[in-house]
Amino acid sequence: MLLLFILIPVLAIQAYIYYDDYQARRALEFQANLEVARAVARTFESFVQDVILHELVIGLAITSSQPMKSQDIARLLTTYQDYAAIRDFTWLNPEGVASYSSNPDMVGRNYSDRAYFRDIANGPDWTVGELVLARTTGDPVFGISRGIRDDKGTLLGVVVTTVVPEK
């Protein structure tokens with residue numbers, strides 16, 4: 001009986017020490033995960049901002065006062081080799097129809113029903129779309145879109161970047 005009275009408090013103290021150690025490790029693990037999530041978020045934000053600037057350059061070149069030839073526009077839309085995650089760049093006219101694309105399968109398709117196009121048509125300069133299945137391949141993708149407007153605010157077109165999230 002005496003041994004039991006000594007053993008029970010020792011086991012209780014040991015259980016408390018293990019529980020406290022578990023909580024401390026758990027808090028450290030949560031903090032490490034939070035830091036990783038913040039780093040990924042900063043990297044993704046930097047990627048999106050870089051793509052948006054690239055889209056602005058493409059859009060301004062296409063809508064410049066001196067019209068570009070079709071082959072020059074096609075060549076301009078293939079300037080994404082530095083981005084492993086980008087599948088293609090596409091120029092949508094104000095009606096949402098793909099006029100030019102680095103992916104020939106997209107040309108002529110109507111994207112006016114996509115949320116990113118409706119968002120841009122309603123005012124914002126740019127948007128990051130939701131994850132959808134690509135119409136051309138059926139793979140999950142999302143778009144980063146930027147509207148190009150004239151001085152009066154009239155939509156001239158939308159540059160859409162298709163991003164493959166697993167890359």
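Above this text is the structure in question.
Turning our attention to the overall build of the protein chain. From N to C terminus, the protein chain includes three helices and six strands. Starting at the N terminus and ending at the C terminus, the protein chain contains elements arranged as α-α-β-β-α-β-β-β-β. For the protein chain, whose C-alpha radius of gyration is 26 Å, the value lies well above the compact-globule estimate of 15 Å for 167 residues. Its C-alpha atoms give the protein chain principal-axis dimensions of about 95 × 35 × 30 Å. The buried share of the protein chain, reckoned over its 167 residues, is 32%. Relative to all contacts within the protein chain whose residues are 6 or more apart in sequence, the contacts with residues 24 or more apart total 47%. As displayed, the protein chain offers around 10800 Å² of accessible surface, 59% of which is attributable to carbon and sulfur atoms. Treating the 15 positive side-chain charges of the protein chain as one cloud and the 20 negative ones as another, the clouds have centres 3 Å apart.

A few words now on the side chain of Asp-88. Note that Asp-88 resides in strand β1 (residues 86–92). Given a relative accessible area of 0%, Asp-88 falls into the buried group. In this structure the side chain of Asp-88 is engaged in a polar contact, spanning 2.9 Å, whose partner is the side chain of Arg-87. A polar atom in the side chain of Asp-88 sits 2.8 Å from the side chain of Thr-162.

Below, the discussion takes up the layout of surface pockets. If a probe the size of a water molecule is rolled over the atoms, the empty space left behind becomes visible. In this structure, the largest pocket occupies an estimated 240 Å³ of space. Considering the residues around the largest pocket, the lining is formed by 19 residues, among which Arg-114, Tyr-116, Val-132, Val-141 and Gly-143 are closest to the centre. Elements with a minimum of two residues in the lining of the largest pocket: β1, α3 (115–121), β5 (140–149) and β6 (155–163).

Residue placement: Ile-62 occurs in helix α1 (residues 2–62). Separated by 95 residues in the primary sequence, Ile-62 and Gly-157 place their C-alpha atoms 9.3 Å from one another. Leaving out residues up to four positions away in the same chain, Ile-62 has contacts with Met-68, Ile-73, Leu-76 and Trp-91.

Within the structure shown, the criterion is met by three salt bridges. Of the charged contacts in the structure, one is a salt bridge between Asp-21 and Arg-25, with a shortest N-O distance of 2.3 Å. Taken together, the positions of Asp-21 and Arg-25, both in helix α1 and four residues apart, correspond to about one turn of that helix. Taking the relative accessible area as the measure of exposure, Arg-25 reaches 56% and is therefore exposed. Between Arg-87 and Asp-88 there is a salt bridge, and its shortest N-O distance comes to 2.9 Å.

Moving on: the nonpolar core. Among the nonpolar cores identified, the biggest contains 19 residues, and Phe-47, Ile-58 and Ile-144 are the most heavily contacted of them. Every element with two or more residues in this core is listed here: α1, α2 (70–76), β1, β5 and β6. Not counting residues within four places of it along the chain, the set of residues in contact with Phe-47 comprises Tyr-83, Ala-85, Ile-86, Ile-144 and Val-163.

Attention shifts here to α1. Between its first and last C-alpha, α1 extends 90 Å over 61 residues, near the 90 Å set by a 1.5 Å rise per residue. Restricting attention to buried positions, one finds in α1 the residues Phe-47, Val-48, Val-51, Ile-52, His-54, Glu-55, Ile-58, Gly-59 and Ile-62. Summarising the contacts, the buried residues of α1 are in contact with α2, β1, β3 (126–128), β5 and β6.

Reading guide: rules and limits
- Residues numbered from 1 in each chain as written.
- Predicted model: local features only at pLDDT ≥ 70, side-chain atom pairs only at ≥ 80, totals over all residues.
- Heavy atoms only, no water.
- Helix = DSSP H or I, 4+ residues; strand = E, 2+ residues; numbered from the N terminus.
- Rg over C-alpha atoms; globule rule 2.2 N^0.38 Å.
- Buried < 20%, exposed > 50% of the residue type's maximum accessible area, 1.4 Å probe, protein only.
- Contact = heavy atoms within 4.5 Å.
- Areas by Shrake-Rupley, 256 points an atom, 1.4 Å probe, with all protein chains shown as cover.
- Lys, Arg positive; Asp, Glu negative; His and termini not counted.
- Charge placed at Lys NZ, Arg CZ, Asp CG, Glu CD.
- Polar contact = N/O pair within 3.5 Å; in protein donor to acceptor, adjacent residues only side chain to side chain.
- 1 Å grid on protein atoms, 1.4 Å probe; cavity = no way out; pocket = protein on both sides within 12 Å on 5 of 7 lines; lining within 4 Å.
- Points joined across faces, edges and corners; volume = space filled by probe spheres on them.
- Salt bridge = Lys/Arg side-chain N within 4 Å of Asp/Glu carboxyl O.
- Core = buried A, V, L, I, M, F, W, Y, C linked by side-chain atoms within 4.5 Å.
- Expected span 1.5 Å × (residues − 1).

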